[in-house]
Each structure stands twice: as C-alpha cells, then as structure tokens.
Amino acid sequence: MINPQLKEKRNIIIEKKIALGKASGKIILMGEHAVVYGEPAIALPFSAVETIAEVKAEGEALTVTCDFYDGLVHKMPEILESLKHAIRFSLYRIGAPQDPPIHIEIRSTIPAERGMGSSAAVAVAIARSLFNFYGKDLSDKELWEIVQSSEKIAHGNPSGIDTVTTSGTAPVFFVKDQPIEQLTIDMDAYLVVADTGQTGQTLKAIQSVKELLKQEKNRFNAQLSIKELGELSRLAKEALLNNQRQELGEIMNEAHQLLASLTVSNAALDRLSQVARQAGALGAKLTGGGRGGCLIALAESKKSAETIAISLLENGARQTWCQYLGSVSRRQGNKA
C-alpha cells in the first residue's frame, strides 16, 4: 500500500510536469503614428483574444509547436527568431538548461500582423509558462526585460506599449521616453473590433508619414495632424475617466479622418468605419499601424455592439470581437 504522504508528494510532482502561461491581445485606442513624434497614445488589453503557452516534460530535447512551426527549437527558421529568443532568454533567466527535454505548445486566437500585439503576447505567455514550469517567481521587471528583448528582434525599436498591455489588465496612457501611466476606467460602453482580413502595413505607413513631413507642400498639414492626434488622445483620456462615451465616439471619428489625411488608412478601413457608424456606432477608426489590420467601433450597449458586428461582417470584415469597457458590476447593474 502506498504511503498517503508519498502519494500526495508524487501527485505534486506530476502536476508540475505541465504548466501554462497566458497573455491577452491589445488594442491601440488613440494616438497611432503620432506617438512616434512624441505625442501621447492610449492602449488597452483586449481579453477577447489571447495566447496560451503550455509546457510539458516530454521528449528528449527542447521542442515547440505553433501555427507556423513544429519541431526542435534550435532548428526554428529565422522568421521565428523572436520566439526562439523568448524561449532561450526565459530559460537563461530561470537558470535552466538551454536544451531541456520539454515541449512548448502555443495556442493563440490573436491574428498575426493585425496590430493586436500577437508577438508580444506570445513572448509573455512563453515567459509565464516556463517560469511556472520551473516553479520560479517572475517579477514585472523581469517579464518586461524578456518580452522587450524579444520585441526588439521582431520590430526593431518597440515602444513598450505591447509589452505592458498584453501582460497587464489596465489601459495605459503612453508618451515616448516617459513613464507609462496606467488608467482606471469604468466606461459604460462596448468596443467592437473588426478584422479587415488584410495584414497591416505598419512600416510602410510609418515611412509614408515621414515622407509627408519631408515634403514642403505637405509638411505643415502633416505636423498639424500629428499635434491634433496628440490632443485627441488627451481628450480621449478624460472621456474614458469620466464615462463620456458620446464624446469618445466623436474623438474617434475625428482621429480616423486625421489618420486618413496622413495616408495611413485605406479603402477597406474607410468603408468599414462608415458601415459601423451607419449601424449605430458612436465612433469608429482604424487601430494600429493602418493600411489594413483592424477597425474599432464604440457601441453604447451590448445589443448595439452585436448589431454593429453583424453589419461589419456582412460588409466584408473577416471576423469581429466585442469587449465591455466598464466594470463587471456596472454591466450586471445595467442588466438588472
């Protein structure tokens, strides 16, 4: 007969053979492109999509499975170098062997190249799962360093917005080279996110804005648009803090027009923003790098959000998601 204490100890060991790590998606609410030039931006975690990393003691070497690869980590293609780095750097910080007999499975509902923080979310989930597997505490500082180093490989010069939002639970107000400010909001409204089905063209859009700023005939208007986008981010912050959903919707509409003037929108985003407003959205705008990717729309109720989402799907959106912006208690109060 097995000693009960020994059996309990064995079960604990078995349980530690599998560990999970999770991360949410992210949405930039305001400030795209203007943030590059020192203006503020607002981003928030988007829990309607997520990435999960699962670590198992399995096999004889370090292996990984994801949507784009299945095999040995040391043989991963160069295009997945940021993922490989997140794994290797996490193991290094843990003090674990660099080629342990474990398998990492990555499952994600965050669409790639849509401005929803997919690469950062993967790195967050990887770090959390490996630290959990080895029973090590993971501080916010250490998580930041692991994810940012991975994001530098993926994007060159990351702002840190994706790292903070995919690993956190609070919206952030961000200005380049300044401390990131977390916001506590309780807005009685829903955010609808629609995927255009087109990959975002962030680098091309950034370069296009740079070119406008270099051209003498366009420089003044481009500079003015960037400053106005910054001011809209400040106004959006106040609207979020004070549950001013009508004002936030108007701010979003104006921001989309300014982004379009900077040539970072496209026909699909312009059309879907109009569709959303006609379906009852308080406001709608592109989110992220632009020229593809996703659109966001503000709805005053869950029913309105569902109507907007259906209309967007009927008019070409690939998929949609909804997220409540207020507290659970406020939402339950509205249902009562």
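Just so you know, these numbers come straight off a predicted model, no measurement behind them. (Residues numbered from 1 in each chain as written. Predicted model: local features only at pLDDT ≥ 70, side-chain atom pairs only at ≥ 80, totals over all residues. Heavy atoms only, no water.)

A few points about the UniProt feature "domain: GHMP kinase C-terminal" (unreviewed entry) in the chain
Per the UniProt annotation, the sites labelled "domain: GHMP kinase C-terminal" (unreviewed entry) are residues 237-309. Secondary structure content for residues 237-309 is 58% helix and 15% strand, and the end C-alpha separation is 25 Å. (UniProt positions renumbered as here; feature names shortened; annotations may be inferred. Helix = DSSP H or I, 4+ residues; strand = E, 2+ residues; numbered from the N terminus.)

Structural notes on the state of the cysteines
In this structure the tally under the stated criterion is zero disulfides. There is no disulfide at Cys-322, and the cysteine sulfur nearest it, in Cys-294, is 13 Å away. (Disulfide = S-S within 2.5 Å.)

Some thoughts on the confidence of the model for the chain
For the chain, per-residue confidence averages 90 on the pLDDT scale, and 92% of positions sit at 70 or higher. For the chain, helix α1 (residues 4-15) is the element with the lowest average pLDDT, namely 39, and helix α10 (residues 302-314) is the one with the highest, namely 98. Note that pLDDT drops below 50 for residues 4-15; the model gives that stretch two contacts with residues more than four away or on any other chain. (pLDDT = per-residue confidence, 0-100. Contact = heavy atoms within 4.5 Å.)

Looking at the layout of surface pockets
In this structure, the second largest pocket spans a volume of roughly 310 Å³. Along the wall of the second largest pocket there are 19 residues; nearest its centre are Pro-45, Thr-169, Ala-170, Pro-171 and Gln-323. Taken together, the elements giving at least two residues each to the lining of the second largest pocket come down to β1 (18-30), β2 (41-57) and β11 (319-324). For the lining of the second largest pocket, the element with the most residues is β2, which contributes three residues. Looking at the lining of the second largest pocket residue by residue, the class counts come to nine nonpolar, nine polar and one charged. (1 Å grid on protein atoms, 1.4 Å probe; cavity = no way out; pocket = protein on both sides within 12 Å on 5 of 7 lines; lining within 4 Å. Points joined across faces, edges and corners; volume = space filled by probe spheres on them. Nonpolar A, V, L, I, M, F, W, Y, C, P; charged D, E, K, R; others polar.)

Digging into the pattern of salt bridges
Going through the model one piece at a time under the given rule, you end up with 15 salt bridges. With a shortest N-O distance of 4.0 Å, Lys-84 and Glu-81 are connected by a salt bridge. On the criterion of helical spacing, the pair formed by Lys-84 and Glu-81 is a turn pair, its members being three residues apart in helix α2 (residues 81-94). Residue Lys-84 is classed as buried on the basis of its relative accessible area of 15%. The network of salt bridges with common partners includes Glu-54, Lys-56, Glu-105 and Arg-107. (Salt bridge = Lys/Arg side-chain N within 4 Å of Asp/Glu carboxyl O. Buried < 20%, exposed > 50% of the residue type's maximum accessible area, 1.4 Å probe, protein only.)

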